[in-house]
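The residues making up each chain are set out below.
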Amino acid sequence: MRAKRFGIFGLGLYAFIFLACSNSSDQAGIEIGNPEIQAHSFEAHFVVDYGAKPKNGFAKMASESDSVLVDDLSLSLWRLSAYSSYYIYVGFDLAEGLTLWPEYAVEVPMKIAFAEDENGRDDWKAAFGDIEIDGSGYLKEIGAHFSPVAEQPQMTGSLKIAGSYVPFTFSFAGLDSLEVRYLQNQLDVADNGALSLTVRFCVAEWVNDLPMTAAAMDGDTIRFDALHNSILWDSLTVRFARAFSAAHHLAYFSNGNTEDDFDDSVLSRYDIIDSNWVSNGNFADNRNWILVNQLGGFADTSLADNSMTVNVTQAGTNSYSVQLIHEDIPLIQGRRYKLIFTAFADSATQITVRLGSYNTYHTEALQRHVQMETIWKSYEFEYIAYVDDLFARLEFNLGKHRNRYQIKDVKIFRID
């Protein structure tokens, strides 16, 4: 999938620069498995898509919908953000993400027209300038934060009624703002070598299974607002953020309600029984594992015979003063999982094993204090996920005691 293939209504923004992590040794606290972002320019495209939203969240389907046509879908773009995990100090709220654009706070956002616009593409090219993603982080998502355009808080188009198209307006009065986020693997490479992101509004997903043709007319126009077709309006307002092609949607409504959820089609890819979600759990090398030394703790590592040795030479003040971490463990709320690993320690002591959020450090599933023994022992723990999260991190917290640990055969399975 390349962005230029979404031909009609596409507007290209040739904007950002991704900077690489130049050297893993520059990353304080990360000794092994340091992920890197390669240097790329970036293209963002904002389009109206009349096909159904794809089942897997990543490819366009061929089916078309001709019942609703969008003439003007314009939103105010306030912020572009990167959401990354970090193992160094950063001077911003991890949950809020790193602001990529604007560089400085501005009062006036950028108006984005998703449907065809009379302005040329050159006007869009110069809008952002160069944008840098902090190379010290491990990129999870790119987010675009929108709100209705203040002077034009509605969408306009045509709805097919009895074989003829009738003008409609959809009021954004029920929606304060929304953010759509895209996974790193939803970014494609365009012909010119740039990373490419398409922010697609999927019309069919927005109106699917709603009785749109039953809407009442107000004169010669169909209006969806608090006074006209209000039940349909409520449904369309709730569905609006979900109709974007993003993997992760956040919507903030005028009645004070909020929604923060992953797209069902994306979650379904991880809602699989018996799949092992720990990559490189047999420690064939040090990929996918990160060692963190902090708060007075220090350890080094070595690999042998498909096991990882962590030698804690400075205990630190907390169990999390030394952490062996595996990122991006998917959690589906309410699903039951099993963690399995085999380990031993030079001296019997307690460690803490946890599955938590990468950006808030909240426990999201499992937290157990495990008594380590001086012989190889297999450990199994079942747990239920509290939330949906594709980026949970598995932690072996090994600080607070000077010791040497060996760990192997780490697995996580969904079991029901």
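Computed from a predicted structure; not experimentally measured.

A. How the structure looks around the pattern of salt bridges. Applying the stated criterion across every chain yields a total of 17 salt bridges. As a salt-bridge pair, Glu259 and Arg242 come within 2.8 Å of each other at their nearest N and O atoms. Residue Glu259 is found in strand E17 (residues 258–262), and its partner Arg242 is found in the loop between helix H3 (230–240) and strand E16 (248–253); the two are separated by 17 residues along the sequence. For Asp271, the salt bridge identified is with Arg335, shortest N-O distance 2.8 Å. With a gap of 64 residues between them, Asp271 in the loop between helix H4 (264–267) and strand E18 (290–293) and Arg335 in the loop between strand E21 (322–331) and strand E22 (336–345) connect regions that are remote in the sequence. One salt-bridge network, in which partners are shared between bridges, spans Lys140, Glu327 and Asp328.

B. Seen up close, the nonpolar core. Membership of the largest hydrophobic core comes to 57 residues, with the highest contact counts inside it found for Phe146, Phe224 and Phe240. Residues Leu267, Trp277, Tyr337 and Ile412 belong to the second largest nonpolar core, which totals 48 residues.

C. Up close: the sheet that holds strand E19 (residues 297–304). With antiparallel pairing, five strands are arranged side by side in an open sheet as E19-E20-E27-E22-E25. In this open sheet, the two strands that pair with only one neighbour each are E19 and strand E25 (377–384). The mean inter-strand angle of the sheet, taken between neighbouring strand axes irrespective of direction, is 30°. With eight bridges connecting them, E22 and strand E27 (residues 403–414) associate as antiparallel partners. Of the residues in E27, the one forming a bridge with Phe344 is Gln406.

Reading the values: rules and limits
Residues numbered from 1 in each chain as written. Predicted model: local features only at pLDDT ≥ 70, side-chain atom pairs only at ≥ 80, totals over all residues. Heavy atoms only, no water. Salt bridge = Lys/Arg side-chain N within 4 Å of Asp/Glu carboxyl O. Helix = DSSP H or I, 4+ residues; strand = E, 2+ residues; numbered from the N terminus. Core = buried A, V, L, I, M, F, W, Y, C linked by side-chain atoms within 4.5 Å. Buried < 20%, exposed > 50% of the residue type's maximum accessible area, 1.4 Å probe, protein only. Pairing = 2+ DSSP bridges. Axes fitted to C-alpha atoms, helices over the stretch in contact; angles between N-to-C directions.

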